[in-house]
Amino acid sequence: MKKHSGSTTKGSFDLEKFLAASTASVNKALDTFLPSEKTKPATIHKAMRYSLFAGGKRMRPAVCLAAAAACGGSEADAMPLACAVECIHTYSLVHDDLPAMDNDDYRRGKLTNHKVFGEGIAVLAGDALLTQAFEIAAKAKGWPRYSHQDLILEIARASGSLQLIAGQVADLEGEGKKTSVEQLRYIHERKTSALLCCSVRLGGMSANCTPAQLKALTDFGYNVGLAFQVIDDILDVTQTSEQLGKTAGKDTKAQKATYPSIVGLDKSRKIAEQLTEKAFAALKAFKGKAAALEGLAEFLLKRDK
Ligand code: GRG
């Protein structure tokens, strides 16, 4: 794998600093956007905040803010959109962990939402986070190239029944069945890549990016999103639950189709590298101004949790 300017080990761009700063700003903004824990009914706001502030990596907001920076935009303009995608991501995890779905006890190193608040409140906390996402996104400003409607449509499409939900449906229905690499890619495109790609595109749109920049960001987000899920599949079989902060080995136990189970670990790593190379190639259009996106793509490829 070639070295890129956003390298976490060498080069001028300090990804650790970028991630620490973006996580801190996103946490602060989310805290402002969400009703306080004491707001009635307090149980639901406690439950929403419990999962939202449980220590997620904040990768979707990070790529959103990084894409805005690559297009010359500001953090302030991108922030409502970055927070909206994190709310949607968190809702999907809360619902995915429910007994009716993946039935998991741990997420982000803590007990899952339903284990703490009960299934009814966990369902409602997920629903409320999804709705909250649209309320926050509505606070973003529209641009000459991208109206308010465009921004809201972007989020609705990525999280709706043709993308995120479609991926989850295919995942549920595929359990225990023989799955081809093509079917697996269909699932990964929707379950994981759609929201990551949407996060990157929203960052560009918040900066009123050109159509050519949006195309480059879409290619980047699509490939990084797929690589992210291949790595997630690899980590599920190579890491411990303690390291991941969620139950490891679940895919094998649930007889889920994954890249390692279909093509093996070595080939899976190769595929993740190839997808990341494609993502890097898309960034050429930014002529060195997308160091944060490059750094994030490399970080996501090399992550161990
Ligand atoms: C229930 C509508 C609905 C959808 C569920 C998100 C999802 C679809 C399922 C969760 C399991 C899974 C493997 C999803 C793919 C996306 C993914 C790898 C999520 C984990 O994202 P991270 O690693 O998590 O960014 P943190 O906790 O760091 O935010």
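A few points on the structure. Computed from a prediction, not measured in an experiment: that's the story for all the values here. The numbers attached to residues start from 1 for each chain and follow its sequence in the written order. The predicted nature of this model means local features are confined to residues of pLDDT at least 70 and side-chain atom pairs, given and counted, to a pLDDT of 80 or more, with totals for whole chains, interfaces and linings taken over all residues. Calculated side-chain values reflect all of the structure's heavy atoms, with hydrogen atoms and water omitted.

All right, on to the pattern of salt bridges then. By definition, a salt bridge exists where a carboxyl oxygen of Asp or Glu is found within 4 Å of a side-chain nitrogen of Lys or Arg. In the structure shown here, the tally under the stated rule is 17 salt bridges. Taking the shortest distance from any N to any O, the salt bridge between Asp 219 and Lys 215 comes out at 2.7 Å. One end of the pair is Asp 219 and the other is Lys 215, both in helix H10 (residues 211-238) and 4 residues apart, which spans about a single turn. Residue class for Asp 219 comes out partly exposed when judged on its relative accessible area of 30%. Between Arg 303 and Asp 232 there is a salt bridge; the shortest N-O distance is 3.6 Å. Placement of Arg 303 in the segment after helix H15 (291-302) and of Asp 232 in helix H10 is noted, with a sequence separation of 71 residues between them. Bridged by salt links that share partners, the residues Asp 102, Asp 171, Lys 191 and Lys 256 form one connected network. Put simply, DSSP H or I for four residues or longer makes a helix, DSSP E for two residues or longer makes a strand, and each gets a number counted from the N terminus. Accessibility here uses a 1.4 Å probe with only protein chains present; expressed as a share of the type maximum, an area under 20% marks a residue as buried, one over 50% as exposed, and anything in between as partly exposed.

Attention now moves to the packing of H10 against H15. A fitted line through C-alpha atoms represents every axis, and for helices the fit uses only the stretch in contact; the resulting angles, taken between N-to-C directions, go from 0 to 180 degrees. In contact at an axis separation of 9 Å, H10 and H15 are set at 20° when each is read in the N-to-C sense. With respect to H15, the element H10 is oriented roughly parallel. H10 and H15 meet at a crossing whose hand is left-handed. Between H10, through Leu 217, Phe 220, Val 224, Phe 228 and Ile 231, and H15, the contact on the second element is made entirely by Leu 293, Ala 297, Leu 300 and Leu 301. Residues are grouped as follows: Ala, Val, Leu, Ile, Met, Phe, Trp, Tyr, Cys and Pro are nonpolar; Asp, Glu, Lys and Arg are charged; all remaining types, including Gly, are polar. Of the residues assigned to the contact of H10 with H15, the class counts are 9 nonpolar, no polar and no charged. Any angle that is under 35 degrees is reported as roughly parallel, and any over 145 degrees as roughly antiparallel; angles of 65 to 115 degrees are reported as roughly perpendicular and all others as oblique. The handedness criterion is simple: a crossing whose near helix is rotated anticlockwise from the far helix by less than a right angle is left-handed, and one whose near helix is rotated clockwise is right-handed. A contact between two residues is defined here by any heavy atoms of the two lying within 4.5 Å.

Time to look at unusual backbone geometry. That bond from Lys 40 to Pro 41 is cis: its omega, -5°, falls within 30 degrees of zero. Turning to its location among the elements, Pro 41 is positioned in the loop between helix H1 (15-33) and helix H2 (42-52). Phi is positive for Arg 58, which is not a glycine, with a value near 60°. Mapped onto the secondary structure, Arg 58 falls in the loop between H2 and helix H3 (59-70).

Let us now look at the site of the ligand. As a structural note, the neighbourhood of the ligand is formed by 19 residues, with Lys 57, Arg 60, His 89, Arg 108 and Gln 229 the closest of them. Counted as a polar contact is a pair of N or O atoms within 3.5 Å, where, for protein atoms, one must be capable of donating a hydrogen and the other of accepting one, and residues adjacent in sequence contribute only when both atoms are in side chains. Here an oxygen atom of the ligand sits 2.7 Å away from a polar atom, N or O, in the side chain of His 89. Between the ligand and the protein, one listed contact pairs an oxygen atom with a side-chain N or O atom of Arg 108 at 2.7 Å. Considered on its own, the ligand offers 700 Å² of accessible surface; in the complex 93% of this is hidden by protein. When contributions to the shell around the ligand are tallied by element, the ones reaching two or more residues are helix H4 (75-96), helix H8 (164-174), helix H9 (181-205) and H10. Ranked by residue count, the leading element in the shell around the ligand is H4, at 6 residues. Nearness of a residue to a molecule or strand requires only that one of the residue's heavy atoms be within 4 Å of it. Per-residue and other accessible areas were derived by the Shrake-Rupley procedure at a 1.4 Å probe size, with only the shown protein chains allowed to occlude residues.

Attention now goes to the nonpolar core. Working definition of a nonpolar core: buried Ala, Val, Leu, Ile, Met, Phe, Trp, Tyr and Cys residues. They are joined through side-chain atoms within 4.5 Å. Leu 202, Phe 220, Leu 293 and Leu 296 are the most contacted members of the largest nonpolar core, which has 68 residues in total. Ranked by the residues each element gives to this core, the list is headed by H4, at 10 residues. The residues touching Leu 296, leaving out its near neighbours within four places in the chain, are Leu 15, Phe 18, Leu 19, Met 59, Ala 62, Val 63 and Ala 66.

The next thing to look at is the environment of Val 123. Note that Val 123 resides in helix H6 (residues 119-137). As for Val 123 and His 95, which are separated by 28 residues in sequence, their C-alpha atoms are 6.4 Å apart. Beyond its immediate sequence surroundings of up to four residues, Val 123 is in contact with His 95 and Leu 98.

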